[in-house]
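# Analysis of the macromolecular model
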Amino acid sequence: MRTINSKLKAEHSPRAIRDRLAIRASAGYLGDAVLGAIDGCVTTFAVVAAAVGGGFSGTVIIVLGFANLIADGFSMAVSNYLGAKSQREEIENARAAERRHIDEIPEGEREEIRQIFAGKGFTGEVLEKIVAVITADQKLWVETMVTEELGLDGGNRSPRRAALATFVAFICVGLLPLIPFLVPHLDHATRFIASAVMTAFAFTAVGVTKGVLLQRSALRSGLETLITGGGAAALAYFVGTWLRRAYGA
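Below is a short write-up of the structure. (Residues numbered from 1 in each chain as written. Predicted model: local features only at pLDDT ≥ 70, side-chain atom pairs only at ≥ 80, totals over all residues. Heavy atoms only, no water.)

## Topic: the pattern of salt bridges
- As enumerated under the stated definition, the model contains nine salt bridges in all.
- Residues lysine 120 and glutamate 148 are paired through a salt bridge, measuring 3.1 Å at the closest nitrogen-oxygen approach. Residue lysine 120 is located in the loop between helix H5 (106-118) and helix H6 (124-135), and its partner glutamate 148 is located in helix H7 (residues 138-149); the two are separated by 28 residues in the primary sequence.
- Overall, lysine 120 belongs to the partly exposed group, its relative accessible area being 47%.
- What makes glutamate 148 partly exposed here is its relative accessible area of 34%.
- Measuring nitrogen to oxygen at the nearest pair gives 3.3 Å for the salt bridge that ties arginine 220 to glutamate 224. (Salt bridge = Lys/Arg side-chain N within 4 Å of Asp/Glu carboxyl O. Helix = DSSP H or I, 4+ residues; strand = E, 2+ residues; numbered from the N terminus. Buried < 20%, exposed > 50% of the residue type's maximum accessible area, 1.4 Å probe, protein only.)

What follows is the structure, encoded as structure tokens:
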């Protein structure tokens, strides 16, 4: 007799399933926060690395870093706001079109539901019951058509919350590479090393957090984020160094 893994069994209890679905429903802004955090850390440390590679002073690095932190964070938040708003408008337009189709050609729309679920393997009386249940509720009918026929995510992400999640994560994590340059009585090299260490920690922490929340390998997710972000930062440093040498700065 096949033995069922106790952990797997516990994860599929009614309560565990309910909690997992609740987490998925509330994690709609996780991607915005992760993207903001990674981009904030990458771009800020890239400025730091390029400025150090270019031979600029600590004061210049702080000015450039904070200017980038605020301007780029705001720009990214606005872009995310507009993107989320456009996505929401697309879904609303699709819902309006489906409501109009249901009013004008209900039998045609009912047949679409029938064929969608027939394509999933349902037949006979079971298929007809599914069609009857879905088409008895216009809201459910519309959402099913939007999701199944048009392939659109029927979620209602708030553009403001998406932008706020991006901006807050961008500022909070993007500030880390600048902190060593705000500490007095440290030499330039020590500040840069401390900034690199804090940036590497931030990359890893963001990746691990993403992995845990998405129930994936935390170690692999952390390493992927560290390698990606570290590569961007290293590129910025070498570009700054090359330009300083090329132009004799």
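## Some words on the packing of helix H3 (residues 30-53) against helix H4 (residues 58-104)
- Contact geometry of H3 with H4 gives a least axis separation of 10 Å together with a crossing angle of 150°. Here H4 runs roughly antiparallel to H3, going by the angle between their axes. Considering the relative orientation of H3 and H4, their crossing is right-handed. Residues Asp32, Leu35, Gly36, Asp39, Thr43, Thr44, Val47, Val48, Ala51 and Val52 of H3 form the contact with H4, whose own contacting residues are Ile61, Leu64, Gly65, Asn68, Leu69, Asp72, Met76 and Asn80.
- Broken down by class, the residue content of the contact of H3 with H4 amounts to nine nonpolar, six polar and three charged. (Axes fitted to C-alpha atoms, helices over the stretch in contact; angles between N-to-C directions. Parallel < 35°, antiparallel > 145°, perpendicular 65-115°, else oblique. Left-handed = near helix turned anticlockwise from the far one by under 90°. Contact = heavy atoms within 4.5 Å. Nonpolar A, V, L, I, M, F, W, Y, C, P; charged D, E, K, R; others polar.)

## A short note on the packing of aromatic side chains
- Scanning the model with the defined rule gives two aromatic pairs in all.
- Arranged with centres 5.9 Å apart and planes meeting at 10°, the rings of phenylalanine 45 and phenylalanine 192 form a pair that is stacked. Of this pair, phenylalanine 45 sits in helix H3 while phenylalanine 192 is found in helix H10 (residues 188-213), placing the two residues 147 residues apart along the sequence. No difference in accessibility class separates phenylalanine 45 from phenylalanine 192, as the two residues are buried.
- Note on phenylalanine 117 and phenylalanine 122: the rings are 6.4 Å apart at their centroids and 55° apart in plane angle, and the pair reads as tilted.
- For phenylalanine 117, a relative accessible area of 13% translates into the label buried. (Phe/Tyr/Trp six-rings, centres within 6.5 Å; stacked < 30°, edge-to-face > 60°.)

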